[in-house]
Amino acid sequence: PRRHLIEVSVRPHLLRVGPRSRYIELHRLLFRHSNTSAVQRGGAAVVLGDDCLASQCEFRRCDFAGVSLGWNRFGSRIIDCVASDNGCTGIAADRHRGFLVSRCVIARNNYRGFNTQWHAGGIKVTDHGDGSVEDCEVVDNRGIGIWYDYADNGQANRIRRNWVGGNHDRAAGISFECSAHGLIVD
């Protein structure tokens, strides 16, 4: 696949890991252009599942979120990836338990101008999800850079050693809203 460039902007999803699939790994793949919001409210071009890994991948120019860790899933990791220039959010982690986002660049998301108090920005963790965002560069998003919103299921939420800057002037770099068990350091 690396010798070909395929643009699939008419498709709602570029890749969805099925509900019974686990331990799927994505390495050095480029994902571009989706039409997710034409068929659902929100959504992501790439949707991971339980115990998945995305490593050295790029998620760019998708119409809503570039990549989702997978709703109501657990244990997935996004490492050394780029999630940039997406319509609303770079990375979504809705009700995902025990995730890790590490050494990623999450930049220039929300080019479509969604409401910055609703969902837009770099990465958003919602609906009782929990996990860690570590060693990432979260910059120039048109919304909140790192946003934990109702991440309150009793598990640890860690935001460590990130560079967060240049995000929307009326939005926070980091927002920890209605959430619990947070560690925000360095």
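What counts and how
Each chain carries its own residue numbering, running from 1 in the written order of its sequence. Only residues with pLDDT of 70 or above have their local features reported here, since the model is predicted, and side-chain atom pairs are shown and tallied only from 80 upward, although totals for entire chains, interfaces and linings are computed over all residues. Water and hydrogen atoms were dropped before computing side-chain values, which therefore reflect all heavy atoms in the structure. Working definition: helices are DSSP H or I runs of at least four residues, strands are E runs of at least two. Numbering for both runs from the N terminus. Think of a polar contact as two N or O atoms within 3.5 Å of one another; within protein, one of them needs to be a possible hydrogen donor and the other a possible acceptor, and neighboring residues in sequence only count if both atoms come from side chains. It only takes one pair of heavy atoms within 4.5 Å for two residues to be counted as in contact. Only buried residues count toward a nonpolar core, which is a set of Ala, Val, Leu, Ile, Met, Phe, Trp, Tyr and Cys residues joined through side-chain atoms within 4.5 Å. Residue exposure (1.4 Å probe, protein chains only): buried if accessible area is under 20% of the type maximum, exposed if over 50%, otherwise partly exposed. Should DSSP find at least two bridges between two strands, the strands are taken to pair. Whenever a carboxyl oxygen of Asp or Glu lies within 4 Å of a side-chain nitrogen of Lys or Arg, that contact is scored as a salt bridge.

Summarising the element assignment, His96 is placed in the loop between β10 (89-94) and β11 (97-102). Within the local environment of His96, its side chain forms a polar contact with the backbone oxygen of Leu69, the two atoms lying 3.0 Å apart. Other than its neighbours up to four places away in sequence, His96 contacts Gly49, Leu69, Gly70, Asn72, Arg73, Phe74, Gly75, Ser76, Gly129 and Asp130.

Glancing now at the nonpolar core. One finds Leu48, Ile78, Ile91 and Val101 to be the most contacted residues of the largest nonpolar core, which totals 29 residues. Residue assignment for this core shows that the elements contributing at least two residues are β10, β11, β13 (121-126) and β16 (144-149). Those residues in contact with Ile78 that sit more than four places away from it in its chain are Leu48, Ala54, Val67, Leu69, Ile91, Leu100, Val101, Ser102 and Cys104. Among the nonpolar cores identified, the runner-up in size contains seven residues, and Ala44, Phe64, Ala92 and Ala120 belong to it.

With that out of the way, let us pick up the pairing of strand β4 (residues 44-47). The side chains of a regular strand alternate, residue by residue, between the two faces of the sheet. With two bridges connecting them, strand β1 (residues 15-16) and β4 associate as parallel partners. Its bridge partner lying in β4, Leu15 is registered against Val46. Here three bridges tie β4 to strand β7 (residues 65-68), and the two strands are oriented parallel to one another. Its bridge partner lying in β7, Val47 is registered against Ser68.

What follows deals with the side chain of Asn86. Relative to the assigned elements, Asn86 resides in the loop between β9 (82-84) and β10. Taking relative accessible area as the criterion, Asn86 reaches 0% and is therefore assigned buried. Discounting chain neighbours no more than four positions away, the residues touching Asn86 are Phe59, Arg60, Arg61, Cys62, Phe64, Ala65, Gly66, Arg108, Asn109, Asn110 and Tyr111.

Enumeration over the complete set of coordinates arrives at 12 salt bridges. When the shortest N-O distance is used, the salt bridge between Arg32 and Glu58 registers 3.0 Å. Of this pair, Arg32 sits in strand β3 (residues 30-32) while Glu58 sits in strand β6 (residues 58-60), and the two are 26 residues apart along the sequence. A salt bridge links Asp80 to Arg103; the nearest nitrogen and oxygen atoms lie 2.9 Å apart. A residue pair is termed long-range when its members are at least 10 positions apart, and Asp80 in the loop between β8 (77-79) and β9 and Arg103 in the loop between β11 and β12 (105-107) qualify at 23 residues. The exposure class of Arg103 is partly exposed, given its relative accessible area of 46%. In this structure, a network of salt bridges that share partners links the residues Arg32, Glu58, Arg60, Asp85 and Arg108.

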